[in-house]
Amino acid sequence: MQKIEFQEKEDSLNLRKVISQYLYKWPWFIASILLFVIGAYIYLRYSVPQYQSTTVLKFDKKQNNLSSALSDLENLGMGLGNADELKSEGAVVTSRPILMEVVKNLNLNVEYFNTGEIKDSQLFNKIPVVAKVLSYNNNENFKFSEYTMMDLKGDEFTLQNEKKATFKGKFNIPLNLDFGIVMFQRNSAVPFKSKYKVIFWNPIEKVKKLEKTVEINLPDEKAMLMEINLIGSLPEKSEAILNEVTKQYNLDGQKDKNLQAQNTQEFIDKRLEVITKDLSGVENQKEDFENRNRIVDIQAQAELALQNTSDNTKVLLQQQAQLDLLNSLSGEASKGNNQLMPSNLGLNPSLEQSISQYNSLIISRNKTLKQATNENPAVIEMNREIASLKEVIRDNIHEQKQTVQTGISQLQNQINTNNSMIQKVPGQSKVYRGIERQQNLKEQLFLFLLQKREENAINLSVNVPKAKIVNPAFTEDIPVSPKKDIILLGAVLLGILFPFAVLYFLFMLDDKIYTRDDIKERSELGVLVDIPSLKDNENHLIQKNDFSELAEAFRVLVSNLKFVLPVKETAKVVMVTSSVKGEGKTLVSVNLALTIANKNSRALLIGSDIRNPQIQRYDSEPTKRKGLTEYLYDNSVNVEELIHTSTTNPSCDVIYAGAIPPNPQELLSNGRYQKLIAEMSSQYAYIIIDSAPLMLVSDTLSIVDTADATLYVVRSGVSRNILIDFANDLVKDSKLKNVSFVINDVSKRAGGYGYNYSYGYGYSQTNDKKSWWSKIFKS
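Here the structure is a predicted model, which means the values were calculated and not measured.

Rules used in this analysis
Residues numbered from 1 in each chain as written. Predicted model: local features only at pLDDT ≥ 70, side-chain atom pairs only at ≥ 80, totals over all residues. Heavy atoms only, no water. Salt bridge = Lys/Arg side-chain N within 4 Å of Asp/Glu carboxyl O. Helix = DSSP H or I, 4+ residues; strand = E, 2+ residues; numbered from the N terminus. Buried < 20%, exposed > 50% of the residue type's maximum accessible area, 1.4 Å probe, protein only. Contact = heavy atoms within 4.5 Å. Pairing = 2+ DSSP bridges. Expected span 1.5 Å × (residues − 1). Axes fitted to C-alpha atoms, helices over the stretch in contact; angles between N-to-C directions. Phe/Tyr/Trp six-rings, centres within 6.5 Å; stacked < 30°, edge-to-face > 60°. Lys NZ or Arg CZ within 6 Å of the ring centre and 35° of its normal.

**A closer look at the pattern of salt bridges**
Evaluation of the coordinates by the stated rule reveals 18 salt bridges. Of the charged contacts, one joins K206 and E111 as a salt bridge, the two residues approaching to 2.7 Å between their closest N and O atoms. Taken together, the residues K206 in helix α5 (residues 203–213) and E111 in strand β2 (residues 110–114) connect sequence positions 95 residues apart. The class for E111 is buried, based on a relative accessible area of 7%. Here E552 and R555 are joined by a salt bridge, their closest N and O atoms 3.1 Å apart. Residue E552 and its partner R555 are both found in helix α13 (residues 549–564); the two are separated by three residues, about one turn of the helix. Looking at R555, the relative accessible area reads 31%, which means it is partly exposed. Through salt bridges with shared partners, one network takes in E111, K206 and K237.

**Structural notes on the side chain of N721**
By the secondary structure assignment, N721 is in helix α18 (residues 721–732). Taking the relative accessible area as the measure of exposure, N721 reaches 16% and is therefore buried. For N721, the contacting residues outside a window of four places in its chain are D511, K512, I513 and R522.

**Quick look at the pairing of β2**
Within β2, five of the five residues are buried, which leaves it mostly tucked inside the rest of the structure. Of the two faces of β2, the one holding V110, Y112 and N114 and the one holding E111 and F113 are both buried throughout. The sheet contact formed by β2 and strand β10 (residues 196–201) spans five bridges and is antiparallel. Looking at the pairing, V110 lines up with F200 of β10. Bridge count between β2 and strand β3 (residues 121–123): three bridges; the pairing is antiparallel. Its bridge partner lying in β3, N114 is registered against S121.

**Some details on helix α8 (residues 349–371)**
Here α8 contains 23 residues, and its C-alpha end-to-end distance of 34 Å stays within 8% of the 33 Å for a straight helix at 1.5 Å per residue. The set of residues buried in α8 consists of L351, E352, S354, I355, Y358, N359, L361, I362, I363 and R365.

**Considering the sheet that holds strand β15 (residues 572–578)**
The mixed open sheet is built from eight strands, whose spatial order is β14-β21-β20-β15-β19-β16-β18-β17. Strands with a single pairing partner mark the edges of an open sheet, and in this sheet they are β14 (527–532) and β17 (643–645). For this sheet, the mean inter-axis angle between neighbouring strands, taken without regard to orientation, is 25°. Across four bridges, strand β16 (residues 603–607) lies against strand β18 (residues 652–655) in parallel orientation. Across the sheet, the residue bridging to A603 is C652, located in β18. Helix-sheet contacts for helix α14 (residues 585–596) involve β14, β15, β16, β18, β19 (686–690), β20 (709–715) and β21 (739–746), and the interaxial angle to β19 is about 165°.

**Here we look at the sheet that holds strand β9 (residues 180–186)**
Strand order in the open sheet made by the three strands is β4-β9-β8, with antiparallel pairing throughout. The outermost strands of the open sheet, each flanked by one partner alone, are β4 (129–136) and β8 (175–176). Examined bridge by bridge, β8 and β9 share two bridges and lie antiparallel to one another. Counted as the bridge partner of L175 is V182 from β9.

**Quick look at the packing of aromatic side chains**
Applying the stated rule across the entire model yields 17 aromatic pairs. Grouped by ring-pair contacts, the aromatic residues Y136, F142, Y147, F157, F167, F171, F179, F184 and F200 constitute a single cluster. R45 extends its terminal NZ or CZ atom over the ring of Y46, reaching a point 4.9 Å from the ring centre.

In C-alpha cells, the structure reads:
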C-alpha cells in the first residue's frame, strides 16, 4: 500500500492567487465604479451647493486711565478689556434679541422658491412677489406654512397650501391665511413664471435656525479679532444676514454706551439746578451787603495780612468743592435702588474706577435679565457683586470725606490764626470776604459741572461703533459642500471597495476546489491533469483523430499516468473513483479507456459502480446487456458474454455494470471480482475500473486491492476542501494506494487564474461565438 507522510501545511499568502481572483472579476469592479460615479454625478447635479460667507470685526482695547473725556476722542467707545470679554461678546452677537431684529429687518420669516421638476431653487433678491406678514394668529405650535402661488391674472393670484386648499387674493390687499394676515406686493421688474413656492416661518423658528448656523471664531484673541461665519445656499442672502448682524450688534452696543452717558447727564443737570440757586442767593447777598456798607475796595493795609489767608482760602475752596461733590455722591450711593451712578467727576481715581466697575455690572445684569429671571445663578452672583461693590463705594466716599474734612479743619485753623493777626480790619471786610468766598465756591462748582456736562454731551453725541468692520461680508468662490472632487473620488473608492468587500466575503465562505494549487495547499498527493470544462452541446467522448482540448487533456493524463503505474507483464489496473456523486469519474473512466487503448495495447473498461451505473449513458446502443452484476451473482456466466467492443474505439472493450442488485457490497466482496481482474489481466494491457464514490458507500474499498493506481477525481467549482481531507485520510489509513488527483471541469479561468488549455498544436476545433457581454460577465 502507498505510504505517504502528510505534513501540516503552513498558512502562507499566495499573493498571485489572491490578486488573480479579484482581477478575474474586473467587470464587476468596472460596473460598480460606473454605478457609484453615476450616482455621485446625479447627487452633484441635483444637490444644492453650500457656500461659506464671512465677516471680520476688530475690537479696541479699553483705556482705563483717562485724565479727561476730552483728552482722546478715540476712546469714547466702550472697548473691551481682555480676551475673556471678547469671548463673551460672541454670545452677544448671536443673542436672540439681535437675531430677531435681523429676521425682522430682512424679512427672513418669508422664503421664496422657484419650483422645478426635481428640486426647487431658493430666491432672495430677484423676487417677482414680496410677501409681508402683518400679524400672526395666537398659535404657539405654528412653525411654518407652505403655499404655492399660481394662476396670476392681473392683480389677482391663487395660493394653494399643502392640503390643496386654495386662497384667492390681490396684491397690496391683506389676505387672511391659516396662520395669520399677509399682504403681497408685485415686483414688476421681475417677470412672473407659472409657479412659485412661498414658505412662511414663525420668526422664533428662524431665530433658532440662525443660532445654529451663525458661527463665531476668534482667529487671534490678542489682536481682538472676531470672525462671523454663515453657510448657506445663497451667497447674497448669507452676506446680507452677516452685514445686518454686525449692524444690529453695533447699534446694541451704542445703546449701552448712551445709557450710561444719559444717566450721568441727568445727575449733572440736577446738581446744576441746585448750584444755580445757591450761587444766585450768594450774589444777591453780596450785592445787598455792598449796598448797605458802601464797600468799594479792600483796605490796602489788610492786603499783606490777608495774603496767607488768601492762599489757604484757595486750598479750602478746593477741599470744600470736593466735600460738596462727595456729599452729593454719598446721597446717590445711599439710595437702595441699583441705578447707575455718575462717573468721571474728577474725584479720587480709585473711587472713579469703582464707580465705573459698578456701572458696568449694572449694565451687564440688565442685559442678562432680558433673557433670564432674578433666580438665575448668574443674576444672583451679579447682584452679590453689585451690593459688594456699592458697599466699597460707600466706604471709599466716607474715607475721602473724612480726609477732606480733616484738611478743611486744618485749613480753617490756619485761617483763624491769620485772622487774629488782622484784628484791625473792619468787621465789614471780614463779612464781605466770607460772602465773596461763598460766591467763588459756588462759581467754581458751577463751572466744573458745566465742563463735565459738555464732556458727557460729546461722549453722547459721538457714535463710535463698538466693533470696527474690518471685512464686510464676503463669500468664498468654492462651495464648502458638496465637495465635487472628494465625492467623485469617494465614489470611485466605494465602487472599488463595495465589490471587493462582497467578493472578499464570498471568497472567505468559498471552500471549493478550483485548481491544482488548491489541492497542493491541502495534500501531498500529485495532480496528473486538469480536464477542461465542456459545454452541453460539445461532444463528451473522445473521437478518432480528435485534437480538441478534451482529447489533449486526456493524452496528458495518459502520459503522466505511465509514470505512476508500476512495470508489470500483466494488465495495469487503474481505478477511477471520487468522493461523491457528480464529480465526473465516469467521464474520466470512459475517455481514459478510449484514449489509452490502441492496436498494440488493448484496454478494458469495467463499470464497477453497480449501485448507480453510469457508463450506459455513453453507449449509443440502447440494447440491455449483461454486465458485472450477473457475473458476480451467477457462477455460470461466461466472461465472454459480458465483453462489448466500443463503437468509438475498436481497441477498447467494455463490461457494463449490469442489473442493479439488492446486495452490492456482498457481491463485490465474494471474490469473483478479483477472479475477473486476474482473468482479464492476461488479455489486456490496461484495465480501467469505474468505481463507486468512496464517501457515499464502501463498495469501492472491497475491490481497491485489485488496482495498481487510483485516480481520485475532484470537480472544479463543485468539490469542497473537506473531500481532499477525506482522500488524505484514506491514504493515511492505507485504504487506497498509489493515489493521484484528476481535476475535472476546470474552466479557462478557474478561480481567477486564467488557466488556458491552448496547447499550441493549432488543432482546436472549438468555435466560441459567444457575445462579448456573456464573455465579460461569465463567472
